Amino acid sequence: KRLRDLIARLDVPPMPSAQRDFLAWVSDYTLASLGSVLRLAMSVPAALAPPKPQTGYAVGSLPPSRVTPARQRVLQEVANQPPRIASDLARAAGVTPSVVKGLADQGALVPVQILPELGLGQPDPSQKGVELSPIQAEAAARLSAKVVEGGFSVTLLDGVTGAGKTEVYLDAVAQALRQGKQALVLVPEIALTSQWLERFQRRFGASPAEWHSDLPASKRRAIWRAVAEGKVSVVVGARSALFLPYANLGLIVVDEEHDASYKQEEGVIYSARDMTVVRARIGGFPAILVSATPSLETLINTQT
């Protein structure tokens, strides 16, 4: 009697079978209800609805009554670019939004409906990274080879603070992108600093999609859907990023794998580091655990 009829089918990419198998495994292992685990993967209900279109502006058919330098800059911006909302167009042209509105009122610009953009570029794996030392280059080559070979594996990247571990595993991320795969980098929330993001930007020429508790709801909605549609190639985030509905995940890196913040101790109780290994096994791709002070569990696992 508690069953409900389906009332609609939403236009959302289907959850990959590996993700569904992973959620079922987590439910069994943690003795949590499947619904509770599924909620981790569907944490942004608003993302299930299609994004609302925004009003952008394109070149119109009528010339403006008067061409000022400010208006000229707006028209030049619009001429060779896809339609943009008024605030973005005004910022690019160095004018106020009222200038854009004035051109639209005169027919020099026409309103068009556009879908909101994430504002992220696509990381370029062909960009050259920093020069690696011989031992760094050897480690990077071995990690990249795991990605090329495919299949499940877990590798511990162990090195003292300042040894260049980030640059080494970013080479593996680049290799995953060359293979057409998505990559996830898990970091303790406190470690997701502007310095790390700047390093990624220098390496790939674009920023990754971030996923953490401080994201505004609109950003979470956009990223969740973009990940599901395969439009985001690299995600960096806290432990909950593991449950995003990746369309084609091919690599997970757990930075500072020893950190206690990877353990969730309320609701569904799990360790994101351990669940990463399971997700990689079910998905059939490599996982990389990174630390200057590896956890005892990880050390024992590498020895055995």
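Residues numbered from 1 in each chain as written. Predicted model: local features only at pLDDT ≥ 70, side-chain atom pairs only at ≥ 80, totals over all residues. Heavy atoms only, no water.

**Remarks on unusual backbone geometry**
(1) Moving on: If you check the backbone angles, Leu31 has positive phi at about 60° while not being a glycine.
(2) Moving on: Inspection of the secondary structure puts Leu31 in the loop between helix H1 (17-30) and helix H2 (34-41).
(3) Moving on: In this structure, Glu256 takes a positive phi of about 55° despite not being glycine.
(4) Moving on: You can see Glu256 is positioned in the loop between strand E8 (249-254) and strand E9 (263-264).
(5) Moving on: For Glu256, a relative accessible area of 31% puts it in the partly exposed group. (Helix = DSSP H or I, 4+ residues; strand = E, 2+ residues; numbered from the N terminus. Buried < 20%, exposed > 50% of the residue type's maximum accessible area, 1.4 Å probe, protein only.)

**Brief notes about the nonpolar core**
(1) Moving on: Counting residues in hydrophobic clusters, the biggest one holds 40 residues, and the most contacted among them are Leu184, Trp211, Val235 and Phe243.
(2) Moving on: Contributing elements (two or more residues each) for this core: H1, H2, strand E5 (182-186), strand E6 (209-211), helix H9 (217-228), E8, helix H10 (272-283) and strand E11 (286-291).
(3) Moving on: Top element by residues in this core is H9. It accounts for five residues.
(4) Moving on: With residues near it in sequence (within four places) discarded, Trp211 still touches Ser43, Val44, Arg220, Ile223, Trp224, Val235, Val236, Gly237, Ala238, Ser240, Ala241 and Leu244. (Core = buried A, V, L, I, M, F, W, Y, C linked by side-chain atoms within 4.5 Å. Contact = heavy atoms within 4.5 Å.)

**Points about the packing of aromatic side chains**
(1) Moving on: A complete count under the given rule lists five aromatic pairs for this structure.
(2) Moving on: A centroid spacing of 4.7 Å and a plane angle of 15° characterise the contact between Trp25 and Tyr29, whose relative ring orientation is stacked. A residue pair is termed a helical-turn pair when its members lie 3 or 4 positions apart in one helix, as Trp25 and Tyr29 do in helix H1 at four residues.
(3) Moving on: Trp25 sits in the partly exposed class, given a relative accessible area of 28%.
(4) Moving on: Residue classification places Tyr29 among the exposed positions, given a relative accessible area of 55%.
(5) Moving on: Centroid distance Trp196 to Phe200: 5.7 Å. Interplanar angle 20°. Geometry classified as stacked. Placement of the pair is Trp196 and Phe200 together in helix H8 (residues 194-204), with a separation of four residues, close to one helical turn.
(6) Moving on: We classify Phe200 as buried; its relative accessible area is 0%. (Phe/Tyr/Trp six-rings, centres within 6.5 Å; stacked < 30°, edge-to-face > 60°.)

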